[in-house]
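The primary structure of each chain is shown beneath.
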Amino acid sequence: MCGIVGYLGKANAPSVLISGLKRLEYRGYDSAGLAILDGDKVLVSKASGKVANLSERASINWPPELFKRVGTGIAHTRWATHGPPTEVNAHPHLDKTGEIALVHNGIIENYRALRARLEGKGHHFVSETDTEVLSHLIGDCDKGDLFQAVCDALHQVEGTFGIAVISSREPGKIITARRGSPIVIGVGDGEAIIASDASAIVAHTQRVIYLDDDDIATVTADSVDIRDLNNVPVTREIAELGLDASVAEKGGYEHFMMKEIHEQPDALANAIRGRLDLQLGSSVLAGMSASQRELAELSRVVMVGCGTSLHAAMVGEYAFEDLADIHAEVQQAAEFRYRNPIIGNRDFVVAISQSGETADTLAAVKEAQQKGAFVMSLVNVVGSTIARETGRGVYLHAGPEISVASTKAFTCQVSVLLMMALKLGRGRRYSREEGLKLAREIDSIPELVNRVIAKNDLIAEIAENYVKDEHAFFIGRGPMYPVALEGALKLKEISYIHAEGYHAAELKHGPIALLQPGTPVIAVACEGPAKDKTLGNVEECRARGARILGIITEGDTNAEEVMDDFISIPKAHPLVATIPAVVALQIFSYHVARLRGCEIDQPRNLAKSVTVE
Ligand code: M6R
């Protein structure tokens, strides 16, 4: 949510900043801006809308020489929280003197009180943002030492921040700090690049430093000095990113979403590789770092997450109960800490998040830790806040996910949850033979997904029949129920079709009133104990004239007969089949959205990682 880039070094700052912003645009894209130091002045350019607008604006407003000179600057792409996405609300914001510029991710919760106090001292604000208040506060604290001014200001702030600050009075440095919103510093050869995530850094260097909460760093082209907010030096290791710059490019696909759908066989292979024990019929997950005995003593698995990660957790719920015979439940992360959950030291809390930055999931982690639970994370982004906060977990190894609509993260999350359930199950009631059978099925997931991706053209043709609809219902039972929810989420977020997911049995308790002749119902009715019941619910919809698209198992002629259209997926264990089934729905949603001319990778009002509650 919002992206920050800062640059110091031997290249042209505006050019580096704009290309960095383009790589971060998936995080927020309603307005953008940049500030650079030019002699004793801070020059600012902003635009509402995409980074391309900013690029155009800067090249009109600023002289061409500026795009040739070496320099220092900061930039931001915004997902609006305080005030609409106008030019005046876009970052960077200046202090009262116009000599200090700030970009900020996060929320300053006490900004109203701070603003009133500063107004009392003669400060005048032009925007509606909390960020402008912080820039004025830093200016107000500046008595000739920018680092100290930022420390003093941050001591007065409640809320979350990832910030980068420059001042024309102290050129050649950027002050950056974080609390609850990530900052990564890329350490190059005679240059440094600061960003809210590594995708803006990877084109410059592989060497990075992740700031911890309440770290504040003074960065120059050749040095990084990190302290805490009381000015005490702290040591942070330099890590290797291990990412290829091409991950942030579309690689010939029209959209990141389609690229990431196609990356799934490899992503899944990476998530699974080395984690299955095909001798013992179990899994080896170093991140579940507890003894088999400790694991056997756990009384309950509680999974927390939001959005797509929540749906993955719901598949996990079935897996833990079916395979491990352990009580499992899913809680929406935003609710978790407010409902005062009954959690103790025999509870195993799994926080699921692609980004590892989702504010609600992070808050749930802290609450579970507070209550003494055994907490671990299932995260994709290495070094992210949730991964670091839990200190124990399993990475997805799915590779960077740029498209706002999550695809490969979901399938990798489910695969890892299946392996976790298998491991727990083998310590409980699951036999070696049963374990071996499932382990082999998990091992075959990349191939199953490949076979669904091979149906891309067929699915694109089917999608043509649903392009003009404005409403759609997704139904499923058992582990296919969360698949139906995920299918509905995918379709609504990228195509803007009003799509609702329901348990297939629930439809007749109310939503069926909305069915009219021709209303599309997408029924996930793959082989499994719940299939026949789902087909019964399909008949109820057909009787009301609904048009049915089935996600069914290959060769299931009974199911084919009751569908207007169908996409078949390879036969698999019902839990494993959730993965190819969801891939079919991802591809379907993608083509519907493409045919409707939607901005697939950057749907309106959304952002990739949601770092506000
Ligand atoms: O990074 P996270 O997995 O914690 O993100 C959770 C949700 O914000 C995310 O899954 C969101 O629902 C996606 N846009 C779904 O495609």
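Residues numbered from 1 in each chain as written. Predicted model: local features only at pLDDT ≥ 70, side-chain atom pairs only at ≥ 80, totals over all residues. Heavy atoms only, no water.

Undergrad: So what about the overall build of the protein? Which residues, and what values?
TA: Across its full length, the protein carries 20 helices and 26 strands. Computed over the C-alpha atoms, the radius of gyration of the protein is 25 Å, within 12% of the 25 Å expected from 2.2 N^0.38 for a compact globule of 613 residues. Principal-axis analysis of the C-alpha atoms gives the protein an extent of 75 × 55 × 45 Å. Out of the 613 residues in the protein, the part that is buried amounts to 61%. (Helix = DSSP H or I, 4+ residues; strand = E, 2+ residues; numbered from the N terminus. Rg over C-alpha atoms; globule rule 2.2 N^0.38 Å. Buried < 20%, exposed > 50% of the residue type's maximum accessible area, 1.4 Å probe, protein only.)

Undergrad: Describe the pairing of strand β20 (residues 374–379), naming the residues involved and giving the relevant values.
TA: β20 sits mainly inside the fold: six of its six residues count as buried. Burial along β20 is two-sided: the residues Phe374, Met376 and Leu378 and Val375, Ser377 and Val379 are all buried. Note that the unit made of strand β19 (residues 347–353), helix α11 (residues 359–370) and β20 has a crossover that is right-handed. The pairing of β20 with strand β21 (residues 393–395) spans three bridges and is parallel. Bridge pairing links Ser377 to Gly393 in β21. (Right-handed = clockwise from strand over helix to strand, strands pointing away. Pairing = 2+ DSSP bridges.)

Undergrad: I'd like a description of the pattern of salt bridges, backed by residues and values.
TA: Within this structure, the stated rule accounts for 30 salt bridges. When the shortest N-O distance is used, the salt bridge between Glu119 and Arg115 registers 3.3 Å. Pair noted here: Glu119 and Arg115 are both in helix α3 (residues 111–120), with a separation of four residues, about one helical turn. We note a salt bridge from Asp212 to Arg388, for which the minimum N-O separation is 2.2 Å. Taken together, the positions of Asp212 in the loop between β11 (207–210) and β12 (215–219) and Arg388 in helix α12 (residues 385–390) put the pair 176 residues apart, joining distant regions of the chain. You can call Arg388 partly exposed: its relative accessible area is 32%. Salt bridges here are not isolated pairs; linked through shared partners, they connect Asp212, Asp215, Arg236 and Arg388. (Salt bridge = Lys/Arg side-chain N within 4 Å of Asp/Glu carboxyl O.)

Undergrad: Give me the lowdown on the site of the ligand, citing residues and values where you can.
TA: Taken together, 15 residues are adjacent to the ligand, and Ser309, Ser353, Ser355, Thr358 and Glu493 come closest. With respect to the ligand, the backbone of Gln354 contributes an N or O atom lying 2.7 Å from an oxygen atom. In this structure, Ser355 approaches the ligand through a side-chain N or O atom, which is 2.7 Å from an oxygen atom. Bound to the protein, the ligand loses 91% of the 410 Å² it would expose on its own. Every element with two or more residues in the shell around the ligand is listed here: α9 (307–324) and α17 (480–495). When the residues that make up the shell around the ligand are grouped by side-chain class, the tally is five nonpolar, eight polar and two charged. (Near = heavy atom within 4 Å. Polar contact = N/O pair within 3.5 Å; in protein donor to acceptor, adjacent residues only side chain to side chain. Areas by Shrake-Rupley, 256 points an atom, 1.4 Å probe, with all protein chains shown as cover. Nonpolar A, V, L, I, M, F, W, Y, C, P; charged D, E, K, R; others polar.)

Undergrad: So what's going on with the domain arrangement of the protein? Residues and values would help.
TA: As far as domains go, the protein holds domain 1 (2–248), domain 2 (250–443) and domain 3 (450–603). Each partner contributes to the interface: domain 1 provides eleven residues, whereas domain 2 provides eleven residues. Approximately 1,000 Å² of surface area, both sides summed, lies buried where domain 1 meets domain 2, with 52% of it carried by carbon and sulfur atoms. The interface formed by domain 1 and domain 2 includes one salt bridge. Linking domain 1 with domain 2 are three residue pairs in polar contact (both at pLDDT 80 or more). Residues belonging to the side of domain 1 that touches domain 2 are distributed by class as follows: eight nonpolar, one polar and two charged. (Domains from an automatic or database assignment. Contact = heavy atoms within 4.5 Å. Buried area = accessible area lost by both parts, 1.4 Å probe.)

Undergrad: Let's hear about the packing of helix α7 (residues 264–272) against helix α13 (residues 408–426): which residues, and what values?
TA: Contact pair α7 / α13: the axes reach a minimum separation of 9 Å and the direction vectors enclose 30°. Accordingly, the angle class assigned to the pair α7 and α13 is roughly parallel. In this structure, the crossing between α7 and α13 has a hand that is right-handed. Residues Gln264, Ala267, Leu268, Ala271 and Ile272 of α7 form the contact with α13, whose own contacting residues are Lys408, Thr411, Cys412, Ser415, Val416 and Met419. Considering only residue class, the contact of α7 with α13 consists of seven nonpolar, three polar and one charged. (Axes fitted to C-alpha atoms, helices over the stretch in contact; angles between N-to-C directions. Parallel < 35°, antiparallel > 145°, perpendicular 65-115°, else oblique. Left-handed = near helix turned anticlockwise from the far one by under 90°.)

Undergrad: Go over the sheet that holds β20, please, and point to the residues and values.
TA: Strand order across the open sheet formed by five strands is β18-β17-β19-β20-β21, with parallel pairing between neighbours. Every interior strand has two partners, whereas the edge strands, β18 (327–332) and β21, have only one. On average, each strand axis in the sheet is tilted by 20° relative to the strand beside it, whichever way the strands run. Strands β17 (300–305), β18 and β19 of the sheet are contacted by α9, whose axis makes an angle of about 170° with β18. Here α13 sits on the sheet in contact with β17, β19, β20 and β21, set at roughly 165° to β19.

Undergrad: Can you tell me about the sheet that holds strand β9 (residues 184–187), naming the residues and giving the values?
TA: By way of backbone hydrogen bonds, the strands of a sheet pair with one another, either parallel or antiparallel. In spatial order, the strands read β3-β2-β4-β1-β10-β9-β11-β14; together these eight strands make up an open sheet with antiparallel pairing. Across the chains shown, the open sheet's two edge strands, defined by having one partner strand only, are β3 (41–48) and β14 (239–240). Both β9 and strand β10 (residues 192–195) contribute to a ladder of four bridges, which runs antiparallel. Bridge pairing links Gly186 to Ile193 in β10. Its contacts with the sheet put helix α1 (residues 13–24) on β1 (3–12), β2 (31–38), β4 (70–78) and β10, and the angle it makes with β1 is roughly 145°.

Undergrad: Tell me about the nonpolar core, and please be specific about residues and values.
TA: Side chains that are nonpolar tend, in soluble globular proteins, to be buried together. In terms of nonpolar packing, the biggest core is built from 92 residues, with Phe320, Phe348, Met420, Ile442 and Ile551 touching the most fellow members. In terms of domain composition, this core takes at least three residues from each of domain 2 (250–443) and domain 3 (450–603). Setting aside chain neighbours within four positions, we find Met420 in contact with Leu285, Met288, Phe320, Phe348, Val350, Met376 and Leu378. Leu17, Val51, Ala195 and Ala198 belong to the second largest nonpolar core, which has 28 residues in total. (Core = buried A, V, L, I, M, F, W, Y, C linked by side-chain atoms within 4.5 Å.)

Undergrad: So what's going on with the packing of aromatic side chains? Which residues, and what values?
TA: One pass over the full model with this rule turns up four aromatic pairs. Centroid distance Trp62 to Phe67: 6.3 Å. Interplanar angle 40°. Geometry classified as tilted. Its relative accessible area of 7% is what places Trp62 among the buried residues. Its end group placed over the ring of Tyr496, Arg604 keeps NZ or CZ at 3.8 Å from the ring centre. (Phe/Tyr/Trp six-rings, centres within 6.5 Å; stacked < 30°, edge-to-face > 60°. Lys NZ or Arg CZ within 6 Å of the ring centre and 35° of its normal.)

Undergrad: Which residues make up the side chain of Gln602, and what values go with them?
TA: Locating Gln602 in the fold gives a position in the segment after α20 (578–595). In this structure Gln602 comes out as buried when scored by relative accessible area, which is 16%. Reaching out from Gln602, the side chain makes a polar contact with the side chain of Lys50 at a distance of 3.0 Å. Among residues more than four places away in sequence, those in contact with Gln602 are Glu25, Tyr26, Tyr29 and Lys50.

Undergrad: Outline helix α15 (residues 445–453), supporting the account with residue identities and numerical values.
TA: Buried within α15 are the following residues: Ile445, Pro446, Leu448, Val449, Val452 and Ile453. With its buried residues spanning 160° around the axis, α15 presents them on a single face. (Arc of directions from axis to C-beta.)

Undergrad: Which residues make up α17, and what values do they have?
TA: The terminal C-alpha atoms of α17, which comprises 16 residues, lie 22 Å apart, in line with the 22 Å expected from a rise of 1.5 Å per residue. For α17, a buried count of 13 out of 16 residues is recorded, marking the element as mostly surrounded by other parts of the structure. (Expected span 1.5 Å × (residues − 1).)

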